[in-house]
Number of protein chains: 2
Amino acid sequence: MRISSRGEYGVRAMFDLAQRYGEGPIPLKLIAERQEISEHYLEQLMGALRKAELVVSVRGAQGGYELSRPPASITLGDVIRALEGPVLTVHGTEGEKEVEIPADAVERLILADVWKRLAERVNEALDSVTLADLCDEAARRRARDDSFMYHI
Amino acid sequence: MRISSRGEYGVRAMFDLAQRYGEGPIPLKLIAERQEISEHYLEQLMGALRKAELVVSVRGAQGGYELSRPPASITLGDVIRALEGPVLTVHGTEGEKEVEIPADAVERLILADVWKRLAERVNEALDSVTLADLCDEAARRRARDDSFMYHI
DNA sequence: CGAAATCTCGATTGATTTACTCGGGATTCG
DNA sequence: CGAATCCCGAGTAAATCAATCGAGATTTCG
């Protein structure tokens, strides 16, 4: 149950974009350099984020990517689900259609319910952090570090 | 971010054992049959659960496995962590030792904190369900189904 | 005692997923 | 036009997953 590099890199890239929200499109190359992610690999991730409508792209020279909406309205859950698919899926529970008749129906049904509830809790946790939260925290820490510098 | 078959099968097997807690050792073969899991594969999982001290084994004829402690004191988190390793790990955060100097230290530190908090929330969710909870719910549903039968 | 029932352990294997890399095409700005 | 971009699909090496297999060690029962 780990977050793959897609999720990790995706969040880093989105954090990067969030801090530049409103400055127009940011070329992928810059994000890749700052976040130390392979350009080609990041392209794939941005493609998925664009399909999920979390970013919009501008093609051609001076193009790039920007968030499709304010950082406060994009959660880590949005980013992670876009890149890694639905969270905490269990094979016996994933699809919408019912699986084959189980040996002990009661047990299987209980577990299906439990997995579902747990997945909801995980999604709630992931959705409780927005890109704006990350930006605010970054601003706070940078301010603190700066004032610390002046006191030397 | 899915639960692998190890986690899913492991929970099924532990649920099975929990419902027979106090009846002495249950042979793996029976669990495998009831839960429709390959015997050899389940052996591996039981080995991990034994090393995590969630079950104890009794060797020889009439042997088998039983829970090492009451169902109310074993959580789904215990089972899943024993079988799948620590939950919601992120490569850049997993080890205890610090990774190489990041490009933007503030960003990386914030994300490390966030991943850690999220992992805690996921663990809390997984630990909020015990094997006894599953058994209680099974008993409740079976009772309801039975009384339904009598009314036909 | 000996045979059957069990757990124990490590090796191997095929399929899938992950984490990339590569190459070329389409679009837009200057 | 040509450079800077995004766009897209194919390919690949390594890791992980989900088993499978085979050979032992231990214990009960007849």
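Residues numbered from 1 in each chain as written. Chains lettered and ligands numbered in written order. Predicted model: local features only at pLDDT ≥ 70, side-chain atom pairs only at ≥ 80, totals over all residues. Heavy atoms only, no water.

Student: Just checking my understanding: could you explain the protein's contact with DNA strand D for this structure?
Tutor: Looking at DNA strand D, there are 27 residues lining it, with A:Leu28, A:Arg50, A:Ser57, A:Tyr65 and B:Ser38 nearest. Those atoms of DNA strand D that come within 4 Å of the protein belong to sugar or phosphate at a rate of 67%. Between A:Leu28 and DNA strand D, the recorded distance is 2.9 Å, taken from a backbone N or O atom to a phosphate oxygen. Interatomic distance of 3.3 Å between a backbone N/O atom of A:Ala61 and a base nitrogen of DNA strand D. If you list the elements that add at least two residues to the surface near DNA strand D, you get helix 3 (39-51), strand 1 (55-58) and strand 2 (64-67) of chain A together with helix 1 (5-19) and helix 3 (39-51) of chain B. (Near = heavy atom within 4 Å. Polar contact = N/O pair within 3.5 Å; in protein donor to acceptor, adjacent residues only side chain to side chain. Helix = DSSP H or I, 4+ residues; strand = E, 2+ residues; numbered from the N terminus.)

Student: Please clarify how the packing of aromatic side chains should be interpreted in this entry.
Tutor: Each aromatic ring pair is specified by the distance between its two centres and by the angle formed by the two planes. Residues and elements named next belong to chain A. Evaluated as defined, the whole model comprises 2 aromatic pairs over all chains. Centre to centre, the rings of Tyr-9 and Tyr-41 are 5.9 Å apart; their planes meet at 85°, and the pair counts as edge-to-face. Placement of Tyr-9 in helix 1 (residues 5-18) and of Tyr-41 in helix 3 is noted, with a sequence separation of 32 residues between them. Classification of Tyr-9 by relative accessible area gives partly exposed; the value is 23%. We classify Tyr-41 as partly exposed; its relative accessible area is 27%. (Phe/Tyr/Trp six-rings, centres within 6.5 Å; stacked < 30°, edge-to-face > 60°. Buried < 20%, exposed > 50% of the residue type's maximum accessible area, 1.4 Å probe, protein only.)

Student: Explain helix 2 (residues 28-35) of chain A to me, please; I cannot follow it from the model alone.
Tutor: Every α-helix winds through 3.6 residues per turn, so residues three or four apart in the chain are directed the same way. Along helix 2 of chain A, the positions that sit buried rather than exposed are A:Leu28, A:Ile31, A:Ala32 and A:Gln35. In an axial view of helix 2 of chain A, the angular spread of the buried residues amounts to 100°, which keeps them on one side of the axis. Looking at the buried residues of helix 2 of chain A, the elements they touch are helix 1, helix 3 and strand 2 of chain A together with helix 5 (105-127) of chain B. Just beyond helix 2 of chain A, the residue with positive phi is A:Glu36, at close to 55°. (Arc of directions from axis to C-beta. Contact = heavy atoms within 4.5 Å.)

Student: Looking at this model, I keep getting lost on the protein's contact with DNA strand C. Mind explaining?
Tutor: If you check the shell around DNA strand C, you find 27 residues, and the closest are A:Ser38, A:Gln44, B:Arg50, B:Ser57 and B:Gly64. Measuring from a phosphate oxygen of DNA strand C, one finds a side-chain N or O atom of A:Ser5 at 3.0 Å. Between DNA strand C and A:Ala61, the relevant distance is 3.2 Å, taken from a base oxygen to a main-chain nitrogen or oxygen of the residue. Looking at the surface near DNA strand C, the elements that each hand over two or more residues are helix 1 and helix 3 of chain A together with helix 3, strand 1 (55-58) and strand 2 (64-67) of chain B. When the residues that make up the surface near DNA strand C are grouped by side-chain class, the tally is 9 nonpolar, 13 polar and 5 charged. (Nonpolar A, V, L, I, M, F, W, Y, C, P; charged D, E, K, R; others polar.)

Student: How should the pairing of strand 1 of chain B be read in this particular structure?
Tutor: Looking down a regular strand, the side chains alternate between one sheet face and the other. Residue and element names in this part refer to chain B. Two strands pair when backbone bridges link them, and strand 1 and strand 2 are joined in this way by 4 bridges, in the antiparallel orientation. Paired with Ser-57 across the strands is Tyr-65, a residue of strand 2. Between the end of strand 1 and the start of strand 2, which pair antiparallel, lie 5 residues, with Gly-60 showing a positive phi angle near 85°. (Pairing = 2+ DSSP bridges.)

Student: I tried to follow the relation of the copies chain A and chain B on my own but got confused; where do I start?
Tutor: Note on the chain copies: they are related by a rotation about an axis and a translation along it. Once chain A is rotated about the relating axis by 180° and shifted along it by 0.0 Å, it coincides with chain B to within an RMSD of 0.1 Å. What the superposition gives is, in effect, a two-fold axis relating one chain to the other. (Least-squares fit on C-alpha atoms with pLDDT ≥ 70 in both.)

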